[in-house]
Amino acid sequence: MTTTTGTSSATGATGAGRTRVEGRDKVTGAARYAGEIPFARLAHGWLVLSTIARGRVTAVADEPVLAMPGVLAVLHHGNAPRVDADYVGMLGRPNPVVGLFQHDRVPFSGWPVALVVAETPEQAREAAQALVVGYEEEPHDVAFHAGRDDAYRPETSPMVQADAGKGDVRAQLDGAAFVVDARYTTPEEHHCSMEPHAATARWDDGRLDIIDSNQGSGWVAGEIAQLFSLDRDSVRVRSEHIGGAFGSKGLSAHQVAAVMATTVLDRPVRVVMTRRQMFSLVGYRSPTAQRVRIAADADGRLRAFDHEALNLTSTVHEFVETSAVLGRVLYDAEAHRTRHRVVRLDVPTPTWMRAPGEAPGSFAIESALDELAEKCGMDPIALRARNEPATGPVSGLPFSSRNVLACFEEGARRFGWADRDPRPGLRREGRWLLGTGTAAASYPSGVGRSTAAVTAEADGTFTVRINASDIGTGARTAMTLVAADALQVNPDLVRTRIGDSDLGHAMIAGGSTGTRSWGWAVRLAAADLRERLALGGGIPPEGITARSDTADAIEALPQQERHSFGAQFAEAAVDVTTGEVRVRRLLGIFAAGAIVNPLTARSQLTGGMTWGLSMALHEEAVRDAATGGHVNADLAGYHVASHADVPLVEADWVDDPVPGDPVGIKGVGEIGIVGVAAAIANAVWHATGVRHRELPIRPDRVLRAAGETPGA
């Protein structure tokens, strides 16, 4: 196994695999999640969602429901507390779905129209199902496809510019020896975190206290304060244990509903979403329609790179699935153009989902690169090596480090790539055709301002306080190891407190920025404390605390392209009689800076790769054009990879030092999914000689494509 330079330490804390510090609590049930913590006089809220896709609410027949056993209140647009949903939060203006029950308009199927609160969840559910809501229905449009004439250039994305480019694409396409011009589509996909979205709200001595499952308790506290026009210090949000998030757990309807209900009833109220409600209310990955045009000289050098990506959004809030950003990092060309376009439909608003943009974008780009390699008669890895850029293809900035070719070299060696016959359709075992494929991966390595406090206790232990969110990544353990390293003590002497907005400002768990951002703050505070201890004379009973704030350090970072990189390899078997695709092997090799905890890092990478397999072969949310609602809004109809679908999945990394970087950590939470679907699709082509440009690669699509392809 390879290791990353700079991960080992004097104490051996970082760089050595360590089980989660809260692992025993989680497997024994001692760890309490947001929907499990008991409160005296706890009431339960149940959301009622619209059954039409567009129109207005004409009546809410709440009187019969209020007479049902245990029912305490029915909140709707006619009686709910007023909120201000026009504020500008950390990520811009909020999704209007959090402006709960403020008007009678219904912009999509599944829009919240009421909240029933009762003594027990069973009573709340029964009453919610009995509530009769009247509607005035209007015609709706949920049809997403390429070529819509109402697609437009987005202007409000807080994440990335819509268009970027240089050179004359048309001229370079016309003068090239080889051209690929292909269209790729990916479907609507959902997060499906194991723990549903849940929040309990209560007023405690004049202060709003919320127990919630989220990706940033400080973030949610700030949004709630603005929404309800409260002083920020009067809101506390706690989120100690989180059962998955993947981009979906920010501010949503359930927290707002719980706050409204506790304000009206003056008692704790818990709102937990059902799986079906999560399909409507917490966001999803938008379907995409992408066109990739790439052209190369006879020697395989790119002359033109053109990628246009279309996604949908709701009529009430704009979200951009930034599928075209990956090419701005991976490949250069004389003419380089990337564009995003959006169409507004009567659907819920999409949101960030693991590797937003890069996951669907890599399917299109890395499939197109494979098609170009076939046309050029080149090995796919050799083509990528020939087009390795020295600086950012669009930005022109230097890379902090870029070791993608080292990933391909190590991956090819371990996967046995040199023995591959590039011709498709030659390997066969009985009814199974076998093929192999590869793809590149990249994901940004961002950082956000964070504060931390580290205390030397009188008993010789140390307490770390940082408002990190452990959404299953092992953040609590990683911060323990970082602190132990900086203090040069055994990790068993360090206790770490996270997930509480009272702990101060910290970056959210998102965009693979968490460990880098929090680790930097913890390291600074711990190093300061160690220096003070070395100069001082003993620890008083109240302890000694050192604090840090990374704002100035982040501001001082030089302008660079900062990314993790990787190479994905897949072996697929295709049943020629049924069209079934089975992935036999997955290997991912990554360059992700300093690896704090190899045990949890590998878990994150293999988890992302498994999701990539699921994306390639299974996941597809289907929307009914007649009703505007989902056909398969549950885990029976929305298929995800099960244990039987997951083959041998291996993840490892190469040395990836980051010269001059004060942290050296890049992040591994999202890069694992990037490129996997393309590697599998490329392997299916190698097995069958048929290209699949539409995900998922279902058996019916395999058989239909084979029937439509001469010689397949």
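As a reminder, the structure under discussion sits directly above these lines.
As the structure is a prediction and not an experimental result, all values here were calculated from the model.

Enquirer: Hey, could you run me through the nonpolar core in this one?
Expert: A general feature of soluble globular proteins is that nonpolar side chains tend to end up buried together. Judged by nonpolar contacts, the single largest core of 83 residues is most densely connected at Ile-294, Phe-569, Leu-586 and Ile-680. The residues contacting Leu-586, other than those within four sequence positions of it, are Phe-569, Ala-570, Met-609, Leu-613, Leu-648, Val-649, Glu-650, Val-676 and Ile-680.

Enquirer: Just checking my understanding: could you explain helix α5 (residues 217-227) for this structure?
Expert: Two residues of an α-helix separated by three or four positions point the same way, owing to the 3.6 residues in each turn. Counting buried positions along α5 gives nine out of eleven residues, so the element sits mostly inside the fold. Phi for Ser-229, located one or two positions after α5, is positive at around 55 degrees.

Enquirer: How should I be thinking about helix α6 (residues 253-265) in this particular structure?
Expert: Over its 13 residues, α6 extends 18 Å from the first C-alpha to the last, a length consistent with the 18 Å expected when each residue adds 1.5 Å. With ten of 13 residues buried, α6 is to be regarded as a mostly interior element. For α6, the set of buried residues is Ala-253, His-254, Gln-255, Val-256, Ala-257, Ala-258, Val-259, Met-260, Ala-261 and Thr-262. One or two steps after α6, the chain reaches Asp-266, where phi turns positive at roughly 55 degrees.

Enquirer: Where do I start with the pairing of strand β2 (residues 55-61) in this structure?
Expert: Remember that side chains alternate between the two faces of the sheet whenever the strand is regular. Relative to strand β4 (residues 105-106), β2 runs antiparallel, the two sharing two bridges. Note that in β4 the partner of Gly-55 across the bridge is Val-106. Bridge count for β2 against strand β6 (residues 132-137) is six bridges, and the pairing is antiparallel. When the bridges of β6 are listed, Val-60 appears paired with Val-133.

Enquirer: Help me understand the packing of aromatic side chains, please; the structure alone is not making it clear to me.
Expert: Here the distance between the centres and the angle between the planes together describe a pair of aromatic rings. This structure, assessed with the given rule, holds ten aromatic pairs. Each ring, one from Phe-246 and one from Trp-611, has its centre 4.9 Å from the other, and the planes form 85 degrees; the classification is edge-to-face. With Phe-246 in the loop between β11 (235-238) and α6 and Trp-611 in helix α15 (residues 598-617), this residue pair connects regions lying 365 residues apart in the sequence. Taking relative accessible area as the criterion, Phe-246 reaches 28% and is therefore assigned partly exposed. When the centroid spacing of 5.6 Å and the interplanar angle of 80 degrees are considered together, the rings of Phe-279 and Tyr-638 count as edge-to-face. With Phe-279 in helix α7 (residues 275-281) and Tyr-638 in the loop between α15 and β24 (648-653), this pair connects stretches of sequence that are 359 residues apart. Of the two residues, Phe-279 and Tyr-638, neither departs from the other in class, the shared state being buried. Each member of the aromatic cluster is reached from another via a ring pair, and the members are Phe-408, Phe-415, Trp-417 and Phe-569. Positioned over the ring face of Phe-399 is Arg-402, at 4.8 Å from the centre of the ring. Geometry around Phe-415 places Arg-585 over its ring, the cationic atom sitting 3.9 Å from the centre.

Enquirer: What is the right way to read the environment of Ser-50 from this model?
Expert: With respect to the element layout, Ser-50 can be found in the loop between β1 (43-49) and β2. Along the primary structure Ser-50 and Gly-460 are separated by 410 residues, whereas in three dimensions their C-alpha atoms are 57 Å apart. When sequence neighbours within four positions are dropped, the list of residues in contact with Ser-50 reads Val-106, Phe-108, Ser-109, Gly-110, Trp-111, Val-113 and Tyr-135. A distance of 3.1 Å separates a polar side-chain atom of Ser-50 from the backbone nitrogen of Gly-110.

Enquirer: Just to check I follow, could you spell out the packing of α15 against helix α16 (residues 676-688) for this structure?
Expert: Each pair of packed helices can be described by the angle between their axes along with the distance between the axes. Where α15 meets α16, the axes come as close as 8 Å, and the angle between the chain directions of the two elements is 55 degrees. With respect to their mutual orientation, α15 and α16 come out oblique. Once α15 is placed against α16, the crossing between them reads as right-handed. Of α16, the residues touching α15 (which contributes Met-609, Gly-612, Leu-613, Met-615, Ala-616 and Leu-617) are Val-676, Ala-677 and Ile-680.

Enquirer: Where do I start with the sheet that holds β4 in this structure?
Expert: Two orientations exist for strands paired in a sheet by backbone hydrogen bonds: parallel and antiparallel. The strand order across the open sheet built from three strands is β4-β2-β6, with neighbouring strands paired in antiparallel fashion. Strands at the two margins of the open sheet, each flanked by one partner only, are β4 and β6.

Enquirer: I would appreciate a short explanation of the sheet that holds strand β16 (residues 427-429) in the present structure.
Expert: The strand order β16-β17-β22-β23-β24 describes an open sheet built from five strands, whose pairing is mixed. At either end of the open sheet lies a strand with only one pairing partner, and these are β16 and β24. Here the strands of the sheet are splayed against their neighbours by 25 degrees on average, with no regard to which way each runs. Relative to β24, strand β23 (residues 581-591) runs parallel, the two being bridged by six bridges. Within the sheet, the bridge partner assigned to Ile-589 lies in β24 and is Asp-652. Together, β22 (563-575), β23 and β24 form the strand contacts of α15, whose direction differs from that of β24 by roughly 130 degrees.

Enquirer: Even after reading the chapter, I still don't get the environment of Met-194, so can you show me in this structure?
Expert: Note on placement: Met-194 falls in the loop between β8 (178-186) and β9 (198-204). Among the residues examined, Met-194 registers a relative accessible area of 76% and is labelled exposed. Filtering out sequence-adjacent residues up to four positions away, Met-194 remains in contact with Gly-243 and Arg-275.

Enquirer: I would appreciate a short explanation of the pattern of salt bridges in the present structure.
Expert: As a working rule, side chains carrying opposite charge can pair if their charged atoms are close by. Per the stated rule, a full pass over the model turns up 63 salt bridges. Salt-bridge contacts for Glu-321 lead to Arg-285; the nearest nitrogen and oxygen are separated by 3.6 Å. Taken together, the residues span a long stretch of sequence, with Glu-321 in the loop between β14 (302-314) and α8 (327-330) and Arg-285 in the loop between α7 and β13 (288-296) at a distance of 36 residues. Assigned by exposure class, Glu-321 and Arg-285 land together as buried. One salt bridge in this structure joins Asp-549 and Arg-449, with 2.8 Å as the shortest N-O distance. Pair noted here: Asp-549 is in strand β21 (residues 544-549) and Arg-449 is in the loop between β17 (432-444) and β18 (451-456), with a separation of 100 residues, a long-range link. The exposure class of Asp-549 is partly exposed, given its relative accessible area of 37%. For Arg-449, a relative accessible area of 35% gives the class partly exposed. Salt bridges here are not isolated pairs; linked through shared partners, they connect Glu-410, Arg-413, Arg-414, Arg-602, Glu-650 and Asp-652.

Enquirer: Explain the packing of helix α9 (residues 358-376) against α16 here, please?
Expert: Where α9 contacts α16, the axes come no closer than 8 Å and their chain directions differ by 35 degrees. Every pair of crossing elements has a handedness; the one defined by α9 and α16 is right-handed. For the pair formed by α9 and α16, the contact residues are Ser-362, Phe-363, Glu-366, Ser-367, Asp-370 and Glu-374 on the first element and Ala-677, Ala-678, Ala-681, Asn-682 and Trp-685 on the second. Partitioned by chemical class, the residues of the contact of α9 with α16 number five nonpolar, three polar and three charged.

Enquirer: I would appreciate a short explanation of the side chain of Lys-249 in the present structure.
Expert: As for its placement among the helices and strands, Lys-249 is situated in the loop between β11 and α6. Setting aside chain neighbours within four positions, we find Lys-249 in contact with Ser-193, Glu-195, Pro-196, His-197, Ser-213, Asn-214, Gln-215, Trp-219, Ile-242, Gly-243 and Gly-244.

Cut-offs applied
- Residues numbered from 1 in each chain as written.
- Predicted model: local features only at pLDDT ≥ 70, side-chain atom pairs only at ≥ 80, totals over all residues.
- Heavy atoms only, no water.
- Core = buried A, V, L, I, M, F, W, Y, C linked by side-chain atoms within 4.5 Å.
- Buried < 20%, exposed > 50% of the residue type's maximum accessible area, 1.4 Å probe, protein only.
- Contact = heavy atoms within 4.5 Å.
- Helix = DSSP H or I, 4+ residues; strand = E, 2+ residues; numbered from the N terminus.
- Expected span 1.5 Å × (residues − 1).
- Pairing = 2+ DSSP bridges.
- Phe/Tyr/Trp six-rings, centres within 6.5 Å; stacked < 30°, edge-to-face > 60°.
- Lys NZ or Arg CZ within 6 Å of the ring centre and 35° of its normal.
- Polar contact = N/O pair within 3.5 Å; in protein donor to acceptor, adjacent residues only side chain to side chain.
- Axes fitted to C-alpha atoms, helices over the stretch in contact; angles between N-to-C directions.
- Parallel < 35°, antiparallel > 145°, perpendicular 65-115°, else oblique.
- Left-handed = near helix turned anticlockwise from the far one by under 90°.
- Salt bridge = Lys/Arg side-chain N within 4 Å of Asp/Glu carboxyl O.
- Nonpolar A, V, L, I, M, F, W, Y, C, P; charged D, E, K, R; others polar.

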